[in-house]
Amino acid sequence: MSGTSDAGLFLKKYECVDDIAAQSPMTFVERVTTPTLILQGQDDDRCPMGQAEQWFTALRERRVPVRLVRYPGGSHLFIVNGRPSHRRDYNERIIAWLEQWIPGAGAPGSQS
């Protein structure tokens, strides 16, 4: 993070003063079993695309169900101020993902 994110050095110095590796999802990736949907702005400087690709690859190598979706031109806040088509797609993908992986999520009136 500190070497690739626009705010990484600041966060490392002032907010992640403890063991930064212990705060990294990559440190514990072998424990992950939850199906994971990664929705990533292609031009996100806060959480660069390479970080999403690394996470995606690590999960895929461990056979965790994972999908990575890139939004061209999308910044860190693309879900708030990005293209309307991207915001709509983002929401539709979340709904579809939850319906796929949560038993009963897609049935009208069902409770999980």
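Conventions used here
Residues numbered from 1 in each chain as written. Predicted model: local features only at pLDDT ≥ 70, side-chain atom pairs only at ≥ 80, totals over all residues. Heavy atoms only, no water. Phe/Tyr/Trp six-rings, centres within 6.5 Å; stacked < 30°, edge-to-face > 60°. Helix = DSSP H or I, 4+ residues; strand = E, 2+ residues; numbered from the N terminus. Buried < 20%, exposed > 50% of the residue type's maximum accessible area, 1.4 Å probe, protein only. Core = buried A, V, L, I, M, F, W, Y, C linked by side-chain atoms within 4.5 Å. Contact = heavy atoms within 4.5 Å.

### Topic: the packing of aromatic side chains
- In this structure the tally under the stated criterion is three aromatic pairs.
- A centroid spacing of 5.7 Å and a plane angle of 85° characterise the contact between Phe78 and Tyr90, whose relative ring orientation is edge-to-face. Here the residue Phe78 occupies a position in helix α3 (residues 78–81), and Tyr90 occupies one in helix α4 (residues 84–101), the gap between them amounting to 12 residues.
- Residue classification places Tyr90 among the buried positions, given a relative accessible area of 19%.
- Each residue in the set Tyr71, Phe78 and Tyr90 is aromatic and connected to the rest through ring pairs, giving one cluster.

### Re the nonpolar core
- Grouped together as the largest cluster of nonpolar side chains are 11 residues: Val29, Ile38, Met49, Ala52, Trp55, Phe56, Ala58, Leu59, Val64, Val66 and Leu68.
- Those elements giving two or more residues to this core turn out to be α2 (49–61) and β2 (66–71).
- When residues in this core are grouped by element, the largest group, six residues, is from α2.
- For Val64, the residues in contact, after removing those within four places along its chain, are Val32, Thr33, Thr34, Pro35, Thr36 and Leu59.
- One finds Leu39, Tyr71, Phe78 and Tyr90 within the second-largest nonpolar core, a separate group that totals five residues.

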